[in-house]
Every structure is written in C-alpha cells, then in structure tokens.
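Working through the structure, step by step
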Amino acid sequence: LLGEPDHRVHVGVVVHHADEDHGVVFVGMMDYHANVDAVVWFAEEVLPLLRARRSGIAFDVVGARPTSAVQRLGRLEGVRVTGRVEDVRPFLWDAAVAVVPLRIAQGTQNKVLEAMAASVPVVATPFAVRGTGQPEGPHVRVAGDAPTFARSIQELLDDPEGARRQVEHGLAMVRQHHSWERSAQRLARLLEEAAGSRRS
C-alpha cells in the first residue's frame, strides 16, 4: 500500500476532489463476528451523529462475504455495502477517514496499519490499536464511545491540515515499526533466541 497510488493521492498527502462528498470506510472480512459487530455499531450509533452535521457523508463497508446483518445496513441512509471487491485500495484512497470501530479485538489489527500505509487518517477504538505497539500518539485518533468517535471524525473533516499531519505521523510509524524489513529483523532475532535456548 505504501507508494503513490494515483494522481489524487501521494505519500504523506491526502487530496480529495472538491466536488466529492467526504466519506468514511471500513475494510475487512465481513463474515467475521468482530467486524460485523463493529460496522453495525458504527452504522447505527456513530453515523447518525455525523450525518446530523454532514448529511452527505457516506459509510462504505468493504469486504467479502457480508452477513445478512451487514447486508441490512445497506438499507440505511448513507451506508454502502460493497461485498467482495478486486482491490480494496481505491476505497481507502477515496475515503476521507478510515474507521476501525472494533469492540472485540485480539492482536495486531492489520486494517489499522493498512489504512495508515494508504495515507488515510484513522479513527479507531482502544481495542483496535492496542496490538500495534503504538496505541496512542499523533498517528491515530482513539475513541471509545459513539459521541467521541463522531467528534474525532468531524475534527479531521474540519481540519485538513490536521488530517495531513496525522497521515504523515501514521506513515512514519508504519515504516519505523511495521515494515517488512523490520518484521524480518524481529523474526530473525526470535529464531536466534530460540536456537540459543535449545543449545543451552
């Protein structure tokens, strides 16, 4: 995802056409119970708060195998359920904000890192970021309830420069802590430690 995807988005810079509605996006497998719970909560509790101030805002739920509960969200005003897509990156690149409203989570949530790598500002729950190794900081907005979640998104929409700075911090964090090179180094270190323990 790191790189220059097209003429609208550059590394460290988020550019949106003036005539596009700002949108938020969630990307994930949509038959996984934690993802289902997340998008249902967001669509029913957070999105109405956003649309009260920005009636044109849309929520894209992007991912394969949406359950019936997820498909029903497509009947709500402002919600679009895509089902399987060939490439999730255009949906990330076209979004103003990526949301990760997980209320059930274990381990590192790649969807957080992928959104940061795609130069999209992220708003996430504490559950979604605690496995990243950097759960707090200028690279992510963390919100634990619906009003705070909606307010965090609204602040990013109202402050393009602040959103740009968050994107830059997110890219730096991903490159520093979650690049393939850094992950390979950690794996090599673990293997060396395991081999040394076995010898001893």
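These numbers come from a predicted model, not from an experiment.

1. Describing the pattern of salt bridges
By the definition in use, this model includes 10 salt bridges. The shortest N-O distance in the salt bridge between Arg65 and Asp31 comes to 2.7 Å. Taken as a pair, Arg65 in the loop between strand E2 (58–62) and helix H2 (68–73) and Asp31 in the loop between strand E1 (23–27) and helix H1 (33–53) lie far apart in primary sequence, 34 residues in all. Linked through salt bridges whose partners overlap, the residues forming this network are Arg53, Arg54 and Asp158.

2. A word on empty space enclosed by the protein
Taken as a whole and assessed by the stated rule, the structure comprises one cavity of 30 Å³ or more. Roughly 70 Å³ of volume is contained in the largest cavity. As for the largest cavity, its lining consists of Val25, Phe26, Val27, Leu92, Ala98, Val99, Val100, Lys111, Glu114 and Ala115. Elements supplying a minimum of two residues to the lining of the largest cavity: E1, strand E4 (97–100) and helix H4 (110–117).

3. Observations concerning the packing of aromatic side chains
Summed over all chains, the structure comprises three aromatic pairs. Taking the centre distance of 4.5 Å and the plane angle of 50° together, the rings of Phe42 and Phe59 count as tilted. Taken together, the positions of Phe42 in helix H1 and Phe59 in strand E2 put the pair 17 residues apart, joining distant regions of the chain. Taking relative accessible area as the criterion, Phe42 reaches 0% and is therefore assigned buried. For Phe59, a relative accessible area of 0% translates into the label buried. Both rings, one in Phe42 and one in Phe149, keep their centres 5.8 Å apart while their planes meet at 75°; by these two values the pair is edge-to-face. With Phe42 in helix H1 and Phe149 in helix H6 (residues 146–158), this pair connects stretches of sequence that are 107 residues apart. With respect to burial, Phe42 and Phe149 carry one shared label: buried. Three or more aromatic residues joined by ring pairs make a cluster, and in this case those are Trp41, Phe42, Phe59 and Phe149.

The rules behind each value
- Residues numbered from 1 in each chain as written.
- Predicted model: local features only at pLDDT ≥ 70, side-chain atom pairs only at ≥ 80, totals over all residues.
- Heavy atoms only, no water.
- Salt bridge = Lys/Arg side-chain N within 4 Å of Asp/Glu carboxyl O.
- Helix = DSSP H or I, 4+ residues; strand = E, 2+ residues; numbered from the N terminus.
- 1 Å grid on protein atoms, 1.4 Å probe; cavity = no way out; pocket = protein on both sides within 12 Å on 5 of 7 lines; lining within 4 Å.
- Points joined across faces, edges and corners; volume = space filled by probe spheres on them.
- Phe/Tyr/Trp six-rings, centres within 6.5 Å; stacked < 30°, edge-to-face > 60°.
- Buried < 20%, exposed > 50% of the residue type's maximum accessible area, 1.4 Å probe, protein only.

That is the geometry; function is a separate question.
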